Amino acid sequence: MASALKIKSVLITGTDTGNGLEMVRQFANLQNKPDYVFACALYPETATELKQIADKNTNVTVLKMDVTNLEDIDKAAKQVEQSVGDVGLNLLVNNAGYFKQEDTLEEVTVESMMLHYSINTIGPAMVIKRFLPLLRAASKAVGGDIMGASRAAIFNVSSRVGSLDDNTSGKLYSYRCAKLALNMITKNLSLDLAPDNIFVASLHPGSVKTAMGGPDARLTSIESVQSLINVMATRTKEHNGFFFSQKGELIKW
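Basis of the calculations
Residues numbered from 1 in each chain as written. Predicted model: local features only at pLDDT ≥ 70, side-chain atom pairs only at ≥ 80, totals over all residues. Heavy atoms only, no water. Helix = DSSP H or I, 4+ residues; strand = E, 2+ residues; numbered from the N terminus. Core = buried A, V, L, I, M, F, W, Y, C linked by side-chain atoms within 4.5 Å. Buried < 20%, exposed > 50% of the residue type's maximum accessible area, 1.4 Å probe, protein only. Contact = heavy atoms within 4.5 Å. Expected span 1.5 Å × (residues − 1). Arc of directions from axis to C-beta. Polar contact = N/O pair within 3.5 Å; in protein donor to acceptor, adjacent residues only side chain to side chain. Axes fitted to C-alpha atoms, helices over the stretch in contact; angles between N-to-C directions. Parallel < 35°, antiparallel > 145°, perpendicular 65-115°, else oblique. Left-handed = near helix turned anticlockwise from the far one by under 90°. Lys, Arg positive; Asp, Glu negative; His and termini not counted. Salt bridge = Lys/Arg side-chain N within 4 Å of Asp/Glu carboxyl O.

This part takes up the environment of Ala 39. Within the secondary structure, Ala 39 sits in strand β2 (residues 36-41). The spacing of Ala 39 and Thr 186 is 147 residues in sequence and 22 Å in space, taken between C-alpha atoms.

Membership of the largest hydrophobic core comes to 35 residues, with the highest contact counts inside it found for Met 23, Phe 27, Leu 91, Phe 155 and Met 232. For this core, the secondary-structure elements that each account for two or more residues are β1 (9-13), α1 (18-28), β2, α2 (48-56), β4 (91-94), β5 (153-157), β6 (199-204) and α6 (221-234). With six residues, the single largest contributor to this core is α6. Not counting the four nearest positions on each side in its chain, Met 23 is found in contact with Ile 12, Val 93, Asn 95, Val 157, Val 225, Leu 228 and Met 232. Counting residues in hydrophobic clusters, the runner-up holds 29 residues, among them Leu 11, Leu 92, Leu 134 and Leu 193.

Attention now moves to helix α3 (residues 70-84). Given a rise of 1.5 Å per residue, 15 residues ought to cover 21 Å, and the 21 Å separating the end C-alpha atoms of α3 matches this to within 8%. Those residues of α3 not exposed but buried are Asp 72, Ile 73, Ala 76, Ala 77, Val 80 and Val 84. Buried residues of α3, viewed axially, fall in a sector of 130 degrees; they line one side. For α3, the exposed residues set more than 90 degrees away from the buried face come down to Glu 71, Lys 75 and Gln 82. Its side-chain oxygen at 2.9 Å from the backbone nitrogen of Glu 71, Asn 69 defines the N-terminal cap of α3. Residue Gly 85 follows α3 closely and has a positive phi angle near 60 degrees.

A word on unusual backbone geometry. Phi at Lys 171 is positive, roughly 60 degrees, even though this residue is not glycine. Inspection of the secondary structure puts Lys 171 in the loop between β5 and α5 (173-192). Note on Lys 171: relative accessible area 45%, which makes it partly exposed. Within the chain, Asn 197 stands out as a residue other than glycine whose phi angle is a positive 60 degrees. As for its placement among the helices and strands, Asn 197 is situated in the loop between α5 and β6. Asn 197 gets classed as buried once you look at its relative accessible area, which sits at 14%.

A few words now on the packing of α3 against helix α4 (residues 110-142). The N-to-C vectors of α3 and α4 enclose an angle of 20 degrees; their axes lie 10 Å apart at closest approach. The angle between α3 and α4 places the two elements in the roughly parallel class. The two elements α3 and α4 cross, and the hand of that crossing is right-handed. Residues Leu 70, Ile 73, Asp 74, Ala 76, Ala 77, Lys 78, Val 80, Glu 81 and Val 84 of α3 pack against Met 126, Val 127, Arg 130, Phe 131 and Leu 134 of α4.

Here we come to the side chain of Lys 179. The topology assignment puts Lys 179 in helix α5. For the buried Lys 179, no salt bridge exists, and the shortest N-O distance to an oppositely charged side chain is 14 Å, to Glu 102. At a separation of 2.9 Å, a polar atom in the side chain of Lys 179 contacts the main-chain carbonyl oxygen of Val 157. Apart from residues no more than four positions distant in its own chain, Lys 179 is found in contact with Asn 120, Val 157, Ser 158, Ser 159 and Gly 162.

Let's shift gears to the environment of Val 84. Inspection of the secondary structure assignment puts Val 84 in helix α3. In sequence terms Val 84 and Ala 138 are 54 residues apart; their C-alpha atoms lie 9.5 Å from each other. With sequence-adjacent residues up to four places away left out, Val 84 is seen in contact with Ser 9, Tyr 36, Phe 38 and Leu 134.

Okay, here's the thing in structure tokens:
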């Protein structure tokens, strides 16, 4: 459960609105509060609710980050490095995403597919790449052979529609392909970073009432994020390299 989660630091991308914003709120107020909650927003100057959360919680730091902009990523990483020092970053949540409805192949454009990949796949990969030294530092600082969020972990917010096994309805070409590729990044990293004891998994947030999920979705952001944090808190070495729903259920690739 979330009450078992003990981390010194967490960084979340895509925190302007929706689930990302709610993650900042809930992480900042965990029973065992992190020393640092780094909230990366595309437009921090207009993220009013995010500013309000930061004003009320001294452990929240708002950072500017467009995940497609390497300069933004590097600048944010340097700010995090100055804050956390040698103890590193415990938890990285790649939450930023982009979705455009595409029901037929005829609707797909080169520009749309590239934008989906840029934000949903390449962006998370570049964020992980830049913050990897901080994750390695956190893993080293904890030591032992445990794996999970309380040591060093990466959770990529994917989607069930990025599952080959679960695809029974077609459509959503660009989004499906980009999330499928993100899942491959998750699997690769879970193998490559295992010697560093850095945990990696993909998460499906459920059908959430956000700008992306729409008003007819089943879950509120509060409900989705509560469940997601519980999943993050309870994943251990045996769960490394897999894809989970917000309920903690295994989703086939």
